[in-house]
Amino acid sequence: MKKVKWTGIIFFVVLLMGCSSENENASRDVLVIYSPHTLEFIDPIISEFENETNITVEIITGGTGELLDRIENEMKDPLGDVLWGGSLSTLESKKTLFDKYIAEANEVSIYKNKDGYITRFTLVPSVIMVNDQLIGDIKIEGYEDLLNEQLKGRIAFADPMKSSSSYEQLINQLWDFRVDSMEDGWGYVEKLLVNMDGILLDSSKDVYNGVVSGEFFVGLTFEDAAAKFVRNGAPVSIVYPKEGTIIRPDGVSVIKGTKHKEYAQQFIEFVTSYETQVFIVNELNGRSIRNDVEPVSGLQSLATIYTVEDDQQWSSDNKVVILDRFTSLFKELYEK
Amino acid sequence: MKSRDKNKVLYRDELKKLLIIYSTSFIVASIILMAAFIQIYSNRVVRMNNNKASESTVNEISIELDAYKEAILKFEDNKVFQEYIKVKNNESEVYRILYDFINERKVKSVFYFVDTKGETLLTNNFVESPYNSKNIFLSGLFKQLSNKPEEVVYLINKVQIDLTKRTVYSIGKSIIINGEIVGYLIFDILESDLSKIIYKNNADIVVLTDQYNNVVTSSNTLVIDELGKFNLTRYNDDQILLNDNSYFYVKAKVEDGQLQLITLSELEIVSELMSKSLLFMAILFVLFTVIAVVIADILSKKKTEAIQNLITAIGKVQNGNLEAYVKIGRTDEFKFIGEQFNKMLVDVNRLVAKNSELIDRNRISEIKQLESQFNPHFIFNTLETLKYMMHLDADKASEIIMNFAVILRYSIDYDKEDIRLDQDLDYLKSYLLIQKYRYNKRLSYTFEIEEEAKECIVPKLIMQPIIENCINHGYKKKDALHIELSIKISQGELVAIIQDNGDGMDRDKLGELKLALEDTTLGSGHIGLNNVNRRIKLTYGEQYGLDISSVNNKGTKVMIRMPVVGGDIIV
């Protein structure tokens, strides 16, 4: 009887062992970076950073709005350490999500870190991207040209709620068409929405990819995304709106409550360093934030672009109101 | 508990065996059925899933390729396109048509319009076009296109566009306007989009080949040989061996056999599932069997406990232990059997005790009888009496001799245990007569016998020991003794009263005597009385027997109570 009992027990143990699973609980020692940049932009910079600092990086990409929501939701126990990218006006409206940090490069920066939270990273002009094969003889020189009937439903524009580059486009339009008040600007935006024929994309990625794949004739996006395709030989060109182009810096910030504060600050120093900024200008079609980095011939020189200066404080402060108005305008037109 | 005979089969063991056989056969049966079910079902499922997967992918690819084919044929008749070819204007219009078509497709492609000189005029490939030379007509796609201008040409044609983009298959046709070839329209299918369809397939490995087994795209590069062909040894109708694993295999035609879709589903998974589940079942079987054996053991023991008890008791009884009562704490048939067994034991015990006592009593009675036969005192006394009686009265002497002879004859007669009362009385009278001659006037007696009572059957020598007792003890303080014997039937009983006027007994002595009367052991001092009493009780039952009453110095009265037994002899 005893033997029988023991055999029984042994069988149970064997069964139980078969069921138990290995429980891996590796401690996380990687720098987690949230970024709306394109992978083509991210990859070489991160590789360089990893090789130089021996810090392993995990990248999570998404639209700026999406990533900010995520950071806000994770505020109690942050999973991300750095937000890398997003236009200044978008980041400024959410600066409470970040830690204060002033990078060394602030000294030579064209745009200084005035608030203390957002380190300016590169200069990002808002541009119109055109598919040359499809545009034919339609003339595109500025925002006004986008109201052409022939472009109906062929304009790629992302939801400014989700994409910070789209929000910059929207600010740019409002600012360019303002005569007496912002209402003039909204008048243009409404006409543009009508010509978009109800198509509002989910991210800036859909904008430039949509233009390259021929789905759209034109797209409203940021300069370095479009420049990448021009450089690769795609039949696209960049148009700086003749009504005036706002050049906005994008930012990089340490997420509040990060467990890897030192790594995060190291990263900010790295991306604003002279070497990295030169690399961005030479290889990634970016415009450096540093006044000691020479611009490259690949992009149109800032001197020849008609740039306008907006009231940046207004753009950041009124973000919620502007986005609400845009959303309700879109709904009014298309959700009846 | 030990069975004395090794060959004997215990009911308990049989019951246990039966339980184990039943339960394990059920377990085995269900495990076999289960295994068979898993085998058949999973095999079927793998096959069915593979067929379904093949079908849906073939459908999906066909829809896309058909769309390309139709589009190419439509383009030939497209006015905008024809005008562009003629005068080379409105290029963007043509581009819009081409882009819109491709953007509607799930499987996207790179389009090329190449003129007859081998120059690419229209393309969405923004890297260097591969079709920009006169030499393209010497072989491959363009040779086929120019050789078969009326047909839509399908061909494997792998072109690396850039680091991440590759086209693997071309669909194209010569564009003929007014009977003249003006150029060639080609759609080069993107590998990534074809792969998406193929990877979506549920089969383990999916391979798309042309009719010559050249692989267009595949979800697993292991199935492609050095020549880029799908080439595996088929060893069964629908099975293929790859890396020592066998796969279920389905080949389906796409686009009238221009392409073949091969789906492979691993059968290893089935056999692995089988072996895993068989192992599990084996463990289950062992476990269940162990449990079944334990339960069978416990159950059979519990269920046969009563039988075991009975058998043990019977064994003890066989060995002579009549006190082996059983205790059965159950309420079923076994309880009844146990109770009956116990009752039987009680009866047997009582009978055995009764018989052995009866045998002893009879033996003693016989000894007494023999004693009386040769009682030297009695014989001596009688002979002494005879001696002087012969001188005094010859007649009386002769009478004594006669009676003495009666006594001797009666005592010699061993055959009869029971006898008619009057016969026994004859003997008694003879005895008393002899005593009378001896004691003369000092002994007197009267008989008072009912006529009916004389017919009764009584045990032999039942009253003689009492009368002898009277005579033996009656002359200690007195000179004369009178004995009255009365026998009658009263209230259905035969009652004999022997009353003397002898010495009698005091209360203590009487009590002692009464106690001795009931003594069932054989060592009593009052053998005569006790013997009579026990013989009556043993023969007729406890309610019968002797009753003695006595008054000191006045006499003793002995009452014998027996049932009335007439005619038939009671044993």
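Criteria and cut-off values
- Residues numbered from 1 in each chain as written.
- Chains lettered and ligands numbered in written order.
- Predicted model: local features only at pLDDT ≥ 70, side-chain atom pairs only at ≥ 80, totals over all residues.
- Helix = DSSP H or I, 4+ residues; strand = E, 2+ residues; numbered from the N terminus.
- Buried ≥ 20, exposed ≤ 12 C-beta atoms within 10 Å, placed from the backbone.
- Contact = placed C-beta atoms within 7 Å.
- Pairing = 2+ DSSP bridges.
- Nonpolar A, V, L, I, M, F, W, Y, C, P; charged D, E, K, R; others polar.
- Expected span 1.5 Å × (residues − 1).
- Arc of directions from axis to C-beta.
- Axes fitted to C-alpha atoms, helices over the stretch in contact; angles between N-to-C directions.
- pLDDT = per-residue confidence, 0-100.
- Parallel < 35°, antiparallel > 145°, perpendicular 65-115°, else oblique.
- Left-handed = near helix turned anticlockwise from the far one by under 90°.
- Core = buried A, V, L, I, M, F, W, Y, C linked by C-beta atoms within 7 Å.

Right, let's talk about the overall build of chain A for a bit. If you tally the helices and strands in chain A, you get 13 helices and 11 strands. Within chain A, the fraction of its 336 residues that count as buried is 45%. When contacts within chain A are restricted to residue pairs at least 6 apart in sequence, those whose partners lie at least 24 apart make up 75%.

The secondary structure content of chain B amounts to 15 helices and 17 strands. In chain B, buried positions account for 29% of the 571 residues. Taking as baseline every contact in chain B between residues at least 6 positions apart, the subset at least 24 positions apart corresponds to 59%.

A few words on the pairing of strand S15 (residues 493–500) of chain B. All names here are of chain B. Of the two faces of S15, the one lined by Leu494, Ala496, Ile498 and Asp500 is fully buried and the one lined by Glu493, Val495, Ile497 and Gln499 carries no buried residue. Inspection of the sheet shows strand S14 (residues 481–490) paired to S15 by eight bridges, in the antiparallel sense. Considered in S15, the bridge of lysine 488 is made with valine 495. In sequence, S14 turns back onto S15 through a hairpin of two residues, with glutamine 491 there showing a positive phi of about 50 degrees.

In this assembly, 16 residues from chain A lie in contact with 15 residues from chain B. At the level of elements, helix H1 (2–19) and helix H5 (132–135) of chain A are the ones that each hand at least two residues to the side of chain A that touches chain B. For the side of chain A that touches chain B, the element with the most residues is H1 of chain A, which contributes five residues. Split by residue class, the side of chain A that touches chain B holds seven nonpolar, eight polar and one charged.

Turning to unusual backbone geometry, a few remarks are in order. All names here are of chain B. Although it is not a glycine, asparagine 178 sits at a positive phi angle of roughly 55 degrees. Mapped onto the secondary structure, asparagine 178 falls in the loop between strand S4 (166–177) and strand S5 (180–190). Even without a glycine there, the phi angle at glutamate 255 is positive, about 55 degrees. One can find glutamate 255 in the loop between strand S9 (245–254) and strand S10 (259–266). Note on glutamate 255: 19 C-beta atoms within 10 Å, which makes it partly exposed.

Moving on: helix H2 (residues 39–53) of chain A. Residue and element names in this part refer to chain A. Given a rise of 1.5 Å per residue, 15 residues ought to cover 21 Å, and the 20 Å separating the end C-alpha atoms of H2 matches this to within 8%. Taken together, the buried positions of H2 are occupied by Phe41, Ile45, Ile46 and Phe49. Projected down its long axis, H2 carries its buried residues within an arc of 105 degrees, all on one side. In H2, those exposed residues whose orientation departs by more than 90 degrees from the buried face are Leu39, Ser47 and Asn51. Where the residues of H2 are buried, they touch strand S2 (57–61), helix H9 (223–232), helix H10 (261–271) and helix H11 (274–283).

Each regular strand displays side chains that alternate between the two surfaces of the sheet. Residue and element names in this part refer to chain A. Counting buried residues along strand S1 (residues 31–35), five of its five residues qualify, which places the element largely inside the surrounding structure. By the alternation rule, side chains of S1 split into Leu31, Ile33 and Ser35 and Val32 and Tyr34, which are all buried. Here S1 pairs with S2 via five bridges, running parallel. Looking at S2, one finds that isoleucine 33 is bridged to isoleucine 59. Alignment of S1 against strand S3 (residues 82–87), held across two bridges, turns out to be parallel. Looking at S3, one finds that tyrosine 34 is bridged to leucine 83.

As a further point, take the sheet that holds strand S8 (residues 239–242) of chain B. Residue and element names in this part refer to chain B. Strand order in the open sheet formed by five strands is S7-S6-S10-S9-S8, and the pairing between neighbours is antiparallel. The open sheet is flanked by strand S7 (215–218) and S8, the only strands paired with a single partner. On average, each strand axis in the sheet is inclined to that of its neighbour by 30 degrees, with strand direction left out of account. Where S8 meets S9, four bridges bridge the pair, whose relative direction is antiparallel. The residue of S9 that forms the bridge with glutamine 239 is phenylalanine 248. Most of the contacts of helix H1 (residues 11–77) go to S9, to which it runs at about 30 degrees, and overall it touches strand S6 (205–210), S9 and S10.

Bringing the confidence of the model for chain B into the picture now. Per-residue confidence for chain B gives a mean pLDDT of 83, with 92% of residues at or over 70. The complex prediction reports pTM at 0.62, with the ipTM value standing at 0.78.

So, about the environment of aspartate 426 of chain B. All names here are of chain B. Structurally, aspartate 426 is set in helix H11 (residues 421–439). Residue aspartate 426 is classed as partly exposed on the basis of its C-beta count, with 15 C-beta atoms lying within 10 Å. With 16 residues separating them along the chain, aspartate 426 and tyrosine 410 place their C-alpha atoms 9.6 Å apart.

Glancing now at the sheet that holds strand S2 (residues 120–123) of chain B. Residue and element names in this part refer to chain B. The strand order across the open sheet formed by five strands is S2-S1-S5-S4-S3, and the pairing between neighbours is antiparallel. Two strands bound the open sheet, and with one partner strand each, they are S2 and strand S3 (153–160). Pairwise comparison of adjacent strand axes, ignoring direction, gives a mean angle of 30 degrees for this sheet. Pairing of strand S1 (residues 109–115) with S2 involves three bridges; the strand directions are antiparallel. Opposite phenylalanine 113, over in S2, you have leucine 122 as the bridge partner. Relative to S4, H1 is tilted by about 30 degrees, and along the sheet it contacts S4 and S5.

Now for the packing of helix H2 (residues 79–87) of chain B against helix H3 (residues 91–104) of chain B. Geometrically, a packed helix pair is captured by the angle between its two axes and the distance between the axes. Residue and element names in this part refer to chain B. Contact geometry for H2 and H3: axes closest at 9 Å, N-to-C directions at 140 degrees. Comparing their axes, H3 and H2 come out oblique. Between H2 and H3 lies a crossing whose hand is left-handed. Facing Val80, Phe81 and Tyr84 of H2, the residues of H3 in contact are Glu91, Glu93, Val94 and Ile97. Within the contact of H2 with H3, the residues separate by chemical class into five nonpolar, no polar and two charged.

A few words on helix H6 (residues 164–177) of chain A. For H6 of chain A, spanning 14 residues, the distance from its first C-alpha to its last is 20 Å, which sits close to the expected 20 Å at 1.5 Å a residue. Within H6 of chain A, 13 of the 14 residues are buried, leaving the element largely enclosed by the surrounding structure.

With that settled, consider the confidence of the model for chain A. Residues and elements named next belong to chain A. Of all residues in chain A, 91% have pLDDT values of 70 or greater, and the mean over the chain is 87. Of all helices and strands in chain A, the one with the weakest mean pLDDT is H1 (52), whereas strand S6 (residues 155–156) scores best (96). In this model residues 18–27 is a low-confidence stretch, pLDDT under 50, and it forms zero contacts with partners more than four residues away in sequence or in other chains.

Counting 108 residues, the largest nonpolar core has Met129, Ala156, Val211, Val218 and Ala226 of chain A as the members making the most contacts within it. Alanine 226 of chain A has contacts with Val127, Met129, Tyr208, Thr221, Val236 and Ile238 of chain A, leaving out every residue within four places of it along the chain. Among the nonpolar cores identified, the runner-up in size contains 40 residues, and Met463, Ile536, Leu546 and Met562 of chain B belong to it.

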